[in-house]
Amino acid sequence: MSTDGLIVVDKPGGMTSHDVVARIRRLAKTRRVGHGGTLDPMATGVLVIGVGRATRLLTYVIGAGKSYTGTIRLGQTTVTDDAEGDVTATVPAGQVTDDAIRSALAGLSGEVDQVPSAVSAIKIDGQRAYKRVRDGESVELPARRVTISRLEVLAIRRSEPDVVDVDVDVTCSSGTYIRAIARDAGLALGVGGHLTALRRTAVGGFTLAEAATLDELEQRAPDVVNLPLDAAADRFFARREATPDEARVLAHGGPLDPAGLTGPYAVFGPTGGLIAIVSERDGRARAEIVLAPA
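- Per an unreviewed UniProt entry, the protein goes by tRNA pseudouridine synthase B and derives from Micromonospora noduli.
- Under the UniProt heading Catalytic activity (unreviewed entry), the entry covering the protein gives this text: "uridine(55) in tRNA = pseudouridine(55) in tRNA".
- The Sequence similarities (unreviewed entry) field of the UniProt record for the protein holds the comment "Belongs to the pseudouridine synthase TruB family. Type 1 subfamily."

This is the structure:
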């Protein structure tokens with residue numbers, strides 16, 4: 001059986017994030033596997049997988065900032081805001097200037113209130129929005145405040161007369177929909193738009209440079225974890241060393257004196273093992289999750 005830890009997977013296109021989890025369960029020979037942030041089937045790139053006790057770290061991974069490269073096609077609107085949905089409207093975009101495109105995208109960066117795609121996994125009264133759309137309902141989701149810290153135009157391509165393809169590089173907060181950026185750019189330009197390609201290049205500090213393909217993981221199964229639990233926590237959080245007495249208290253869920261660290265942070269015992277993820281509040285350092293072996 002694989003050790004507890006994280007795997008940075010380079011997800012292929014055509015698979016859901018759940019499909020990848022199912023494959024890792026088989027390779028790692030354990031049911032205790034989860035992922036740190038859904039990628040649509042069309043998308044490729046960084047998908048962080050947790051195995052064993054490291055699944056409890058995934059809530060922090062999900063909230064981390066993310067980076068993507070993608071392609072926006074102007075001139076066509078789809079029901080899903082990406083290439084997986086049927087085209088619902090076409091407006092010739094050949095006359096839209098490069099300057100107008102850059103200006104429209106610049107207006108979508110920074111702190112913005114973004115309306116997620118109606119065909120998304122967001123729940124409305126307990127049911128996924130995409131299922132409601134597929135059942136014929138009209139779905140309107142409330143806007144969410146997100147931060148798009150970088151929205152860079154890499155290339156503007158005009159290989160077909162009535163559409164314009166725009167390659168972009170995006171760094172954004174958790175919860176940002178790149179499909180929605182494509183949709184909103186098309187709306188701003190009056191020609192419609194959707195996403196035709198998406199590749200996630202980073203989640204927090206985890207990048208494509210350390211990602212393994214499923215074929216590579218298959219070859220080394222069941223030893224598929226490339227970042228054991230202790231090393232994963234050390235990468236993702238600030239570090240605090242506990243004394244033997246502190247380690248005993250914290251391992252049983254008790255609080256410690258504060259260390260003045262901005263949390264959450266990882267606390268390690270005298271032998272170097274991870275004990276807990278801790279945050280400081282009300283003058284005490286309290287465990288958010290205890291990860292020391294029982």
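Some details on the overall build of the protein
Phase 1 of the analysis: Within the protein, the secondary structure is distributed over 8 helices and 18 strands.
Phase 2 of the analysis: Each of the 294 residues in the protein was classed as buried or not, and the buried ones make up 47%.
Phase 3 of the analysis: A sequence separation of at least 24 residues applies to 68% of the contacts in the protein between residues at least 6 apart.
Phase 4 of the analysis: Of the charged side chains in the protein, 34 are positive and 37 negative, and the gap between their average positions amounts to 6 Å.

Considering the UniProt feature "domain: tRNA pseudouridine synthase II TruB subfamily 2 C-terminal" (unreviewed entry) in the protein
Phase 1 of the analysis: According to UniProt, the "domain: tRNA pseudouridine synthase II TruB subfamily 2 C-terminal" (unreviewed entry) feature falls on residues 237-291.
Phase 2 of the analysis: The span residues 237-291 is 15% helix and 42% strand, and its two end C-alpha atoms sit 14 Å from each other.

Some thoughts on the side chain of Lys 66
Phase 1 of the analysis: Here Lys 66 lies in strand 4 (residues 66-74).
Phase 2 of the analysis: An unpaired buried charge is present at Lys 66: no salt bridge exists, and Asp 40, the closest side chain of opposite charge, is 13 Å distant.
Phase 3 of the analysis: Separated by 2.9 Å, the side chain of Lys 66 and the backbone oxygen of Ala 64 make a polar contact.
Phase 4 of the analysis: Residue contacts for Lys 66: discarding those within four places in its chain leaves Val 61, Val 170, Thr 171, Cys 172, Ser 174, Arg 200, Ala 202 and Val 203.

Description of the sheet that holds strand 15 (residues 238-241)
The pairing of strands in a sheet happens through backbone hydrogen bonds and is either parallel or antiparallel.
Phase 1 of the analysis: The mixed open sheet is built from 4 strands, whose spatial order is 15-16-17-18. Each of the sheet's edge strands pairs with one partner strand only, and the pair in question is strand 15 and strand 18 (284-290). Each strand of the sheet is rotated relative to its neighbour by a mean of 40 degrees, with strand direction disregarded.
Phase 2 of the analysis: Summarising the sheet, strand 16 (residues 265-268) and strand 17 (residues 274-281) pair through 4 bridges and their orientation is antiparallel. Each residue of the ladder has a partner; that of Val 267, found in strand 17, is Ala 276.
Phase 3 of the analysis: Contacting strand 15, strand 16 and strand 17, helix 7 (residues 229-236) runs over the sheet at an angle of about 135 degrees to strand 16.
Phase 4 of the analysis: Those strands touched by helix 8 (residues 244-251) are strand 15, strand 16, strand 17 and strand 18, and its axis lies near 85 degrees from that of strand 17.

Things to note about the nonpolar core
Phase 1 of the analysis: Ile 24, Ile 49, Leu 105 and Val 166 are the most contacted members of the largest nonpolar core, which has 48 residues in total.
Phase 2 of the analysis: Setting aside residues no more than four positions away along its own chain, Leu 105 makes contact with Ile 72, Leu 151, Val 153, Val 166, Val 168, Ile 181 and Ala 185.
Phase 3 of the analysis: Within the second largest apolar cluster, 24 residues are counted, among which are Val 8, Val 61, Ala 211 and Phe 268.

Quick notes on helix 7
Spacing of three or four residues puts side chains on the same side of an α-helix, whose turn is 3.6 residues.
Phase 1 of the analysis: Restricting attention to buried positions, one finds in helix 7 the residues Leu 229, Ala 232 and Ala 233. Buried residues of helix 7, seen end-on, are gathered within an arc of 95 degrees and therefore sit on one face of the element.

Observations regarding the environment of Gly 110
Phase 1 of the analysis: Along the chain, Gly 110 turns up in strand 7 (residues 110-114).
Phase 2 of the analysis: Between the alpha carbons of Gly 110 and Ser 149 there is a distance of 5.5 Å; along the sequence they are 39 residues apart.
Phase 3 of the analysis: In this structure Gly 110 touches Val 146, Thr 147 and Ile 148, once residues within four positions along its chain are discounted.

Details of the pairing of strand 10 (residues 144-157)
Phase 1 of the analysis: As judged from the 5 bridges shared by strand 7 and strand 10, these two strands associate in the antiparallel manner. Residue pairing across strands places Val 112 opposite Val 146, the latter belonging to strand 10.
Phase 2 of the analysis: Strand direction decides the pairing type here: strand 10 and strand 11 (residues 164-172), joined by 8 bridges, are antiparallel. Following the sheet pairing, Arg 157 is matched in strand 11 by Asp 165.
Phase 3 of the analysis: Linkage of strand 10 to strand 11, two consecutive antiparallel strands, is achieved through a turn of 6 residues.

Some details on the pattern of salt bridges
Phase 1 of the analysis: Within this structure, the stated rule accounts for 21 salt bridges.
Phase 2 of the analysis: Residues Asp 113 and Arg 145 are paired through a salt bridge, measuring 2.8 Å at the closest nitrogen-oxygen approach. Taken as a pair, Asp 113 in strand 7 and Arg 145 in strand 10 lie far apart in primary sequence, 32 residues in all. Taken individually, Asp 113 and Arg 145 each receive the classification exposed, so the pair is uniform in this respect.
Phase 3 of the analysis: Through salt bridges with shared partners, a single ionic network connects Arg 23, Arg 26 and Glu 218.

About the cut-offs
Residues numbered from 1 in each chain as written. Predicted model: local features only at pLDDT ≥ 70, side-chain atom pairs only at ≥ 80, totals over all residues. Heavy atoms only, no water. UniProt positions renumbered as here; feature names shortened; annotations may be inferred. Helix = DSSP H or I, 4+ residues; strand = E, 2+ residues; numbered from the N terminus. Buried < 20%, exposed > 50% of the residue type's maximum accessible area, 1.4 Å probe, protein only. Contact = heavy atoms within 4.5 Å. Lys, Arg positive; Asp, Glu negative; His and termini not counted. Charge placed at Lys NZ, Arg CZ, Asp CG, Glu CD. Salt bridge = Lys/Arg side-chain N within 4 Å of Asp/Glu carboxyl O. Polar contact = N/O pair within 3.5 Å; in protein donor to acceptor, adjacent residues only side chain to side chain. Pairing = 2+ DSSP bridges. Axes fitted to C-alpha atoms, helices over the stretch in contact; angles between N-to-C directions. Core = buried A, V, L, I, M, F, W, Y, C linked by side-chain atoms within 4.5 Å. Arc of directions from axis to C-beta.

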